Amino acid sequence: MPLMPARVKYRKMHRGSRSGVASRGNNVAFGEYGLQSLDRCWLDTKQIEAARVAINRHMKRRGKVWIRVFPDKSFTKKPLETRMGKGKGPLESWVAVIRPASVLFEVDGVPEAVAREGMRLAAAKLPMRTRFIARHKHS
């Protein structure tokens, strides 16, 4: 079952703006380590799921993983070899709008080396540049 909203008021959405830098969700809030985006993109349901599976496989059910992005935007696509016009195409998929500095995934309960390698494997599944970040506890 792919990630998607349970229900929305309108199925077909405007393209919207991807400009600017993430002002919310841009630091590690739940876990100890995170994967932060450095580019802007639309992150598809399948890409989020592939990255999640990569992290979980590497961590072998140790620790906890948080997915910090949710695909709540629909995008449409016209069928191939279709003439222009005749309205907006059918719904293709759901995407999360990602801006630079957004934290995509967080992990906790594993050593830094394991977290770093898990995030590296997840980053290989994503269509943008990312970086590994850590929460620095000052206590």
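This text goes with the structure placed above it.
Residues numbered from 1 in each chain as written. Predicted model: local features only at pLDDT ≥ 70, side-chain atom pairs only at ≥ 80, totals over all residues. Heavy atoms only, no water.

1. Describing the nonpolar core
- If you look at the biggest cluster of nonpolar residues, it comprises 23 residues, and the most contacted ones within it are Leu43, Ile98, Leu104, Phe105, Val107 and Leu126.
- At the level of secondary structure, the elements contributing two or more residues to this core comprise strand S1 (33-37), strand S2 (41-44), helix H1 (45-59), strand S5 (91-98), strand S6 (103-108) and helix H2 (112-123).
- Element by element, the count of residues in this core is highest for H2, at five residues.
- Sequence-distant contacts of Phe105, defined by excluding residues within four places in its chain, comprise Tyr33, Gly34, Leu35, Ile48, Ala51, Arg52, Ile55, Trp66, Ile67, Met119 and Leu126. (Core = buried A, V, L, I, M, F, W, Y, C linked by side-chain atoms within 4.5 Å. Buried < 20%, exposed > 50% of the residue type's maximum accessible area, 1.4 Å probe, protein only. Helix = DSSP H or I, 4+ residues; strand = E, 2+ residues; numbered from the N terminus. Contact = heavy atoms within 4.5 Å.)

2. Some details on the packing of aromatic side chains
- With the rule as written, the count across this model stands at three aromatic pairs.
- Seen in terms of ring centroids, Tyr33 and Phe132 are 5.5 Å apart; in terms of plane orientation they differ by 25°. Their pairing is stacked. A residue pair is termed long-range when its members are at least 10 positions apart, and Tyr33 in strand S1 and Phe132 in strand S7 (residues 130-134) qualify at 99 residues. There is no split in this pair, since Tyr33 and Phe132 are both buried.
- Residues Trp42 and Phe75 carry aromatic rings whose centres are separated by 5.8 Å and whose planes lie at 40° to one another, so their mutual orientation is tilted. Highlighted residues: Trp42 in strand S2 and Phe75 in strand S4 (residues 73-76), separated in sequence by 33 residues.
- We classify Phe75 as partly exposed; its relative accessible area is 22%.
- Positioned above the aromatic ring of Trp66, the side-chain terminus of Lys64 is 5.1 Å from the ring centre. (Phe/Tyr/Trp six-rings, centres within 6.5 Å; stacked < 30°, edge-to-face > 60°. Lys NZ or Arg CZ within 6 Å of the ring centre and 35° of its normal.)

3. Details of a positive patch on the surface
- A surface patch of like charges, here positive, comprises Arg11, Lys12, Arg15, Arg18, Arg40, Lys78, Arg83, Lys86 and Lys88.
- By the element assignment, Arg15 lies in the segment before S1.
- Assessed through its relative accessible area of 62%, Arg15 is described here as exposed. (Patch = residues over 30% accessible without salt bridge, like charges linked within 9 Å, V, L, I, M, F, W, Y side chains within 5 Å. Areas by Shrake-Rupley, 256 points an atom, 1.4 Å probe, with all protein chains shown as cover. Salt bridge = Lys/Arg side-chain N within 4 Å of Asp/Glu carboxyl O. Lys, Arg positive; Asp, Glu negative; His and termini not counted. Charge placed at Lys NZ, Arg CZ, Asp CG, Glu CD.)

4. Some details on the sheet that holds S7
- Strand order across the open sheet formed by four strands is S3-S6-S1-S7, with antiparallel pairing between neighbours. Looking at which strands have only one partner, the edges of the open sheet turn out to be strand S3 (64-67) and S7. On average, each strand axis in the sheet is inclined to that of its neighbour by 20°, with strand direction left out of account.
- Sheet analysis places S1 next to S6, joined by four bridges and oriented antiparallel. When the bridges of S6 are listed, Gln36 appears paired with Val103.
- Against the sheet, H2 touches S1, S6 and S7, its axis set at about 30° to S1. (Pairing = 2+ DSSP bridges. Axes fitted to C-alpha atoms, helices over the stretch in contact; angles between N-to-C directions.)

5. Observations regarding the layout of surface pockets
- There is about 210 Å³ of room inside the largest pocket.
- Lining the largest pocket are 14 residues, with Ala22, Arg24, Val97, Arg99 and Ser102 sitting closest to its centre.
- With three residues, S5 is the single largest residue contributor to the lining of the largest pocket.
- Its residues assigned to classes, the lining of the largest pocket comprises eight nonpolar, three polar and three charged. (1 Å grid on protein atoms, 1.4 Å probe; cavity = no way out; pocket = protein on both sides within 12 Å on 5 of 7 lines; lining within 4 Å. Points joined across faces, edges and corners; volume = space filled by probe spheres on them. Nonpolar A, V, L, I, M, F, W, Y, C, P; charged D, E, K, R; others polar.)

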